[in-house]
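The chain contents come next:
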Amino acid sequence: MSEHESGGARPIRRALISVYDKTGLEDLARGLHEAGVEIVSTGSTAGRIAALDIPVTPVQDLTGFPECLDGRVKTLHPRVHAGILADLRNPDHVKQLDELGVAPFDLVVVNLYPFRETVASGASGDDVVEQIDIGGPSMVRAAAKNHASVAVVVSPGFYGDVLAAVAGGGFDLATRRSLAAQAFAHTAAYDVAVAGWFAQELVEPDAAPGAFRWPAFGGMAVERAEVLRYGENPHQAAALYVDPDAAPGIAQAEQLHGKAMSYNNYVDGDAAHRAAYDHDEPCVAIIKHANPCGIAVGADVAEAHRKAHACDPLSAFGGVSAVNRPCSVAIASQVADVFTEVLVAPAFDPGAVELLAKKPSIRLLVAPERTRFGAEYRQVSGGVLLQTVDALDAPGDDPTQWTLACGSAVDGATLADLAFAWRAVRAVKSNAILLADDGATVGVGMGQVNRVDSARLAVSRAGDRARGSVAASDAFFPFPDGLQVLLDAGVRAVVQPGGSVRDEEVVAAAAAAGIPVYLTGTRHFFH
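Rules used throughout
Each chain carries its own residue numbering, running from 1 in the direction its sequence is written. Local features in this predicted model are restricted to residues whose pLDDT is 70 or higher, and side-chain atom pairs enter the listing and the counts only when it is 80 or higher, whereas totals over whole chains, interfaces and linings include all residues. The side-chain values count all of the structure's non-hydrogen atoms but skip hydrogen atoms and water molecules. Nonpolar cores are built from buried Ala, Val, Leu, Ile, Met, Phe, Trp, Tyr and Cys residues. Side-chain atoms within 4.5 Å join them into one set. The rule is simple: take the accessible area with a 1.4 Å probe, protein chains only, and divide by the maximum for that residue type; under 20% is buried, over 50% is exposed, in between is partly exposed. Only DSSP runs of H or I reaching four residues or more are called helices, and only runs of E reaching two or more are called strands; each is numbered from the N terminus. The contact criterion used is simple: two residues touch if any of their non-hydrogen atoms lie within 4.5 Å. Directions from the helix axis toward the C-beta atoms define the arc. Each aromatic pair joins two rings of Phe, Tyr and Trp (for Trp, the six-membered one) with centres within 6.5 Å, and gets the label stacked for planes under 30 degrees apart, edge-to-face for over 60, and tilted for any other angle. Two strands are counted as paired when DSSP detects at least two bridges linking them. Note on definitions: angles span 0 to 180 degrees between N-to-C directions of axes, and those axes are lines fitted to C-alpha atoms, for helices only across the stretch in contact.

Student: Can you lay out the nonpolar core for me, pointing to particular residues and giving the numbers?
Tutor: Proteins that are soluble and globular tend to have nonpolar side chains buried together. Of all hydrophobic cores here, the largest spans 43 residues; its most connected members are Ile295, Val344, Leu365, Leu418, Leu434 and Val495. For this core, the element with the highest residue contribution is helix α17 (residues 412-425), accounting for six residues. Sequence-distant contacts of Val495, defined by excluding residues within four places in its chain, comprise Trp402, Leu418, Trp422, Ala471, Ala472, Ser473, Tyr518 and Thr520.

What follows is the structure, given as structure tokens:
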């Protein structure tokens, strides 16, 4: 049984190095040379190694053919790929190498042209195309396929392991297989990025001017970041994956303190993070089971937290909170007095973490500012749905564009409360009714299968605070009955999309009560 079949280590005697990212190259090349490894390299990589006075064979000396076409052709040659692809377990392959005078490679170190970074820089189409690597992925895939004989490395972070393996007699088969898996994932992610860029031009031919341009191909290459204790329930397994091409969010948050995050912590943390950034003023959102039990704005986040917590202190117990400003010591002292599962902030002021760290369980996350644009995925059986993010940027989200359907125009303070309620109701699962006063929720009715029950729930949670509050509905009132619940509770103004065939009846009920109703023409369902 050969060393390959038994899983034994294969010594590293000859290496091919071709990297765009030169991080760690000096130490790698010097370590390989000191260990007696022959180095073959390409272009600028070979130049950098030679500048270190380390012996290196330029690839054109190996192939007998110069690099050409502005470097587009360097390694696409049998003397390179035969040395990578020869299966040394196969006597015929070994014999053919001898007949051709080709020496095999034991190690291939390659990283690719910076395609994603070039796209992100706003470069021209021609410049982007030049960063589509051809030879690099070919070498990586060849080495990964032939992992029985070759070790392939695509990340500078693994160079230390390479030098340790060289000193220890080489990588064993299990490690070479693991490296191959990483390599194929690397080229797959690269191909997704390239295909996605090209697909931006392959959109629906009948798309209206200004419409969102849906690509004909959609791909996502995600990387496992963490295996979680369990999923939504203890009998479900779960893991967190990150999308390196996405705008950073809750998945990339840095945890400063507390127990390990759970599946539900991430779900609620994401909902709180999004809800907090729906507002431009200092805001705190407290979430429980993906629904708000309090959202408020204030002069600072400490004031916002006091107001948000006052909405429903019972439900806020064990909730997940997010702020859209750095966590101050003042808000930290308030959060420390309430059992809170997670606190998400863009930063923590000096002293805030130390104060909260006295609570061993609370999870403190630093997450970047939330972006309110782009597209979002939702998995369904057999595929995924994509939609543009509900970014609160429709014409109907601007209070100056609202239509006063009945009653007198409200004063500035009331209009500000209506605007707050309209933004806050977006974060509530449909059917949604939200009552607010002084920039804070006072009652939330969420997730009911009819709008009447949502109105009753919001009024019930608000109690005496319902009188004099303003109300927002995420969609129109199909009948006057849901609105009547709010009118009977004493709300002072209502904002809703309108659009029901019974709008006249609904508005007439408000007019009879002397309550102004504003119509937005925009709906904010959240399922």
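More follows now that the structure is in view.
Student: Give me the lowdown on helix α5 (residues 78-85), citing residues and values where you can.
Tutor: Those residues of α5 lying buried are Val80, His81, Gly83 and Ile84. Buried positions in α5, seen along its axis, are confined to an arc of 160° and lie on one side of it. On its buried face, α5 sits against β1 (14-19), α4 (59-63), β4 (107-111) and α9 (135-145).

Student: Lay out unusual backbone geometry in plain terms, naming residues and giving numbers.
Tutor: That bond from Ser430 to Asn431 is cis: its omega, -10°, falls within 30 degrees of zero. Of note, Asn431 is situated in the loop between α17 and β17 (433-437). Residues other than glycine seldom take positive phi values, yet Ala290 does so here, at roughly 70°. Of the residues examined, Ala290 reaches a relative accessible area of 13% and is grouped as buried.

Student: Could you give an account of the packing of aromatic side chains, with specific residues and numbers?
Tutor: How two aromatic rings sit relative to each other is set out by the distance from centre to centre and by the angle between their planes. For the structure shown, the criterion picks out five aromatic pairs. When the ring of Tyr20 is compared with that of Tyr113, the centres are 6.4 Å apart and the planes differ by 75°; the resulting orientation is edge-to-face. Here Tyr113 lies in the loop between β4 and α7 (115-120) and Tyr20 lies in the loop between β1 and α2 (25-34), a separation of 93 residues in the sequence. Taking the relative accessible area as the measure of exposure, Tyr20 reaches 46% and is therefore partly exposed. Accessibility expressed as a relative area gives 25% for Tyr113, which makes it partly exposed. A ring pair is formed by Trp402 and Tyr518, whose centres lie 6.0 Å apart and whose planes are at 55°; its orientation type is tilted.

Student: So what's going on with the environment of Ser155? Which residues, and what values?
Tutor: In this fold, Ser155 is placed in the loop between β5 (151-153) and α10 (159-167). Separated by 131 residues in the primary sequence, Ser155 and Gly24 place their C-alpha atoms 9.9 Å from one another.

Student: A description of the sheet that holds β1 should follow, citing residues and the corresponding values.
Tutor: The parallel open sheet is built from five strands, whose spatial order is β3-β2-β1-β4-β5. The outermost strands of the open sheet, each flanked by one partner alone, are β3 (57-58) and β5. Relative to β5, β4 is paired through three bridges, and the arrangement is parallel. Opposite Val109, over in β5, you have Val153 as the bridge partner. Lying over the sheet, α9 contacts β1, β4 and β5, oriented at roughly 145° with respect to β4.

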